[in-house]
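So you can see what is in the structure, the chains are spelled out below.
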Amino acid sequence: MNGLYGLGQALLLAIPPEQAHDLAVKGLELGFYPRAPRPDDKRLAQTVFSLDFPNPLGMAPGFDKSARVPRELLAIGFGFVEVGTLTPRPQSGNPAPRLFRSTSDRAIINRLGFNNEGQEIALSRLMDRPQGIVGVNIGAGRDSKDRIADYVSGMERMVPVANYFTFNISSPNTPGLRDLQAPKTLDSLLKRVQAARDSLPKRPPLLVKLAPDLADEDLPEIVGVIVANGAEGIVVSNTTLARDGLKDASFARESGGLSGRPLFVRSTRMLARVYQLTEGKLPLIGVGGIDSGETALAKIAAGASLIQLYTALVFEGLGLIARIKRALVEAIEQAKADSLAPLIGKRAEEWASREVAARL
Ligand SMILES: Cc1cc2nc3c(=O)[nH]c(=O)nc-3n(C[C@H](O)[C@H](O)[C@H](O)COP(=O)(O)O)c2cc1C
C-alpha cells in the first residue's frame, strides 16, 4: 500500500504545482491516505498553552486554507493542524501561475495572496469538531479598510471552533500586510484583540506569526510588544523574500514567498533569537524547511516546543511524518529523558550566533 502512495506522490510531482495541491486535497477528501498507528508514543505528548498535543508535529497553514480536510490531516499522523489563512470573505487570490516548485532546491515559491473560501464556510465545516487540535490562522482581507478589525472579527467569528489562533501578519503576498509587524501597529492590533478576547465566552490562546525577513535589530522591540500584550506564543516563521543560495535561476526570479530547504537556516536562527529574547518562557512553534528528523530536532534544540511543516511533504511524501516522529522518540531515548522538554532550546545559543547565519 505504501508503494501505491509513493506512486501517487511521484505523479503529483509530475503535474503543475497548483493542480497537484488541489488533487492532494481531493485525495484526502476521498479517503486515499495511509492512517497513522495510534496512539502516538506517549513520550511525544506535551501540554502547551494548556492544550494536550499527542505529538509536536503540526501541518502548517496554507495547505488546508479553507478547512476541507483537518480530520484527514490528523489521521495521517499530525499532532495538530492549522487551517487558514482565513479572511473575512472569500478571496480568489492573485492570478495564476502563482505557485512554483524547484525540485533541485527542494523549495516552493508562492504568491497565492490568501485565496480561501472565507470564514463562514470554514466555520460551518469545523462545527462538526474533529478529534484533535485545530488552530485557526487569521488574516486581513486584501481590500480591507481596517485591517486590525479583520483580526478582531476573525477571532470572534471562529472562536467556537478554534483551539488556538495564529495572527498572520507576515505573508508577503498581501501588499502592506507585513507593516502590521511595526511595533506601534502591532501594539494596537494586540491591544484591540485582547480587549475583544476579554468579552468572549472562552479564552483561546493567541499566537503571532512573524516573517523571517525582520531585521535583527528590530526583533527585540517586536518580541517585547508581543510579550507585553500577553500573547501565548510566537510562530517563527513565514516564507522569505530572500533568494540566496538557489540553484534554479528562473525559479529564483519568481516573486512571492520562498519556503522549504533554503528557508531552514534563516528561520531556525530567528527562532533561536526569539527563544533567547523570551528567555524560553513563551512557547514557540518552529516552522521553515523541516524535511527530516534531523531538521525537526534542530528546530526543537533552537527553541521550538512545537514544529510545523508544509513544503517538504511535497517532495518527501507522507512517510516523512512517521520518520520525524521516530527520530524524535530516538532523541528522547538517547537523552535518557521521558519527554521532549529537556531538548527544547538546548542549542539556542549556538543557533542564534551561527557563523553561517551571519551571511544571510
Ligand atoms: C503554498 C503555500 C501557501 C502558504 N500559505 C500560508 C498561509 O495562508 N498562511 C500562513 O500563515 N502561512 C502560509 N504558508 C507558509 C507556511 O505555513 C510555512 O510558514 C512556510 O511554508 C515555511 O514552512 P515549510 O518550509 O515547511 O513550508 C504557505 C506556504 C506555502 C508553501
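The model shown is predicted, which means the values in this text are computed figures rather than measured ones.

Caption draft 1: Quick peek at the overall build of the protein. A count of helical and extended segments in the protein gives 14 helices and 13 strands. Against the compact-globule benchmark of 21 Å for 360 residues, the protein has a radius of gyration of 19 Å, which places it among compact chains. Each principal axis of the C-alpha atoms in the protein carries an extent, and together these give about 50 × 45 × 45 Å. Across the 360 residues in the protein, those meeting the buried criterion constitute 58%. Restricting to contacts in the protein with at least 6 residues of sequence separation, those with at least 24 account for 73%. Accessible surface computed for the protein: about 15100 Å², of which carbon and sulfur atoms make up 54%. Taken as two groups, the 44 positive and 39 negative side-chain charges of the protein have centres that lie 2 Å from each other.

Caption draft 2: Broad picture of the site of the ligand. As a structural note, the neighbourhood of the ligand is formed by 25 residues, with Pro61, Thr85, Gly260, Gly289 and Thr311 the closest of them. The separation between an oxygen atom of the ligand and a polar side-chain atom of Asn168 is 3.1 Å. Within the residue set of the shell around the ligand, elements represented by two or more residues are strand 4 (80-86), strand 6 (107-110) and strand 11 (257-260). A per-class count over the shell around the ligand returns nine nonpolar, 14 polar and two charged.

Caption draft 3: Structural detail: the sheet that holds strand 3 (residues 57-59). Strand order in the closed barrel formed by eight strands is 3-4-7-8-9-10-12-13, with parallel pairing between adjacent strands. Within this sheet the neighbouring strands show an average axis-to-axis angle of 25°, counted without direction. Here strand 9 (residues 206-210) runs beside strand 10 (residues 233-236); their pairing, made up of four bridges, is parallel. Its bridge partner lying in strand 10, Lys209 is registered against Val235.

Caption draft 4: Here's a closer look at the pattern of salt bridges. Here the structure, examined in full by the defined rule, presents 26 salt bridges. When the shortest N-O distance is used, the salt bridge between Arg43 and Glu333 registers 3.1 Å. With Arg43 in the loop between helix 2 (17-29) and strand 1 (46-48) and Glu333 in helix 12 (residues 319-334), this pair connects stretches of sequence that are 290 residues apart. Arg261 is the partner of Asp291 in a salt bridge, and the nearest nitrogen-oxygen pair spans 2.8 Å.

Caption draft 5: View of the sheet that holds strand 6. A sheet is described by the order of its strands in space; here three strands give the open sequence 5-6-11, paired in antiparallel fashion. On the outer flanks of this sheet lie strand 5 (99-102) and strand 11, each paired with one strand and no other. Neighbour-to-neighbour, the strand axes of the sheet open up by a mean angle of 20°, direction not taken into account.

Caption draft 6: Structural context of the side chain of Arg147. Mapped onto the elements, Arg147 comes out in helix 5 (residues 147-158). One buried charged residue, Arg147, remains without a salt bridge, the closest side chain of opposite sign being Asp150 at 6.3 Å. At 3.2 Å, the side chain of Arg147 forms a polar contact with the backbone oxygen of Arg142. Excluding residues that lie within four positions of it along the chain, Arg147 makes contacts with Ala140, Gly141, Arg142, Thr174, Pro175, Gly176 and Leu177.

Caption draft 7: The arrangement of the packing of aromatic side chains in detail. Counted according to the given criterion, the structure contains seven aromatic pairs. Between Phe264 and Trp351 the ring centres are 5.7 Å apart and the planes differ by 90°, which places this aromatic pair in the edge-to-face class. Residue Phe264 is found in helix 9 (residues 264-277), and its partner Trp351 is found in helix 13 (residues 348-352); the two are separated by 87 residues along the sequence. Of the aromatic side chains, those joined through ring pairs into one cluster are Phe49, Phe53, Phe80 and Tyr164. Taking the ring centre of Tyr33 as reference, the NZ or CZ of Arg35 above it sits at 4.0 Å.

Conventions used here
- Residues numbered from 1 in each chain as written.
- Predicted model: local features only at pLDDT ≥ 70, side-chain atom pairs only at ≥ 80, totals over all residues.
- Heavy atoms only, no water.
- Helix = DSSP H or I, 4+ residues; strand = E, 2+ residues; numbered from the N terminus.
- Rg over C-alpha atoms; globule rule 2.2 N^0.38 Å.
- Buried < 20%, exposed > 50% of the residue type's maximum accessible area, 1.4 Å probe, protein only.
- Contact = heavy atoms within 4.5 Å.
- Areas by Shrake-Rupley, 256 points an atom, 1.4 Å probe, with all protein chains shown as cover.
- Lys, Arg positive; Asp, Glu negative; His and termini not counted.
- Charge placed at Lys NZ, Arg CZ, Asp CG, Glu CD.
- Near = heavy atom within 4 Å.
- Polar contact = N/O pair within 3.5 Å; in protein donor to acceptor, adjacent residues only side chain to side chain.
- Nonpolar A, V, L, I, M, F, W, Y, C, P; charged D, E, K, R; others polar.
- Pairing = 2+ DSSP bridges.
- Axes fitted to C-alpha atoms, helices over the stretch in contact; angles between N-to-C directions.
- Salt bridge = Lys/Arg side-chain N within 4 Å of Asp/Glu carboxyl O.
- Phe/Tyr/Trp six-rings, centres within 6.5 Å; stacked < 30°, edge-to-face > 60°.
- Lys NZ or Arg CZ within 6 Å of the ring centre and 35° of its normal.

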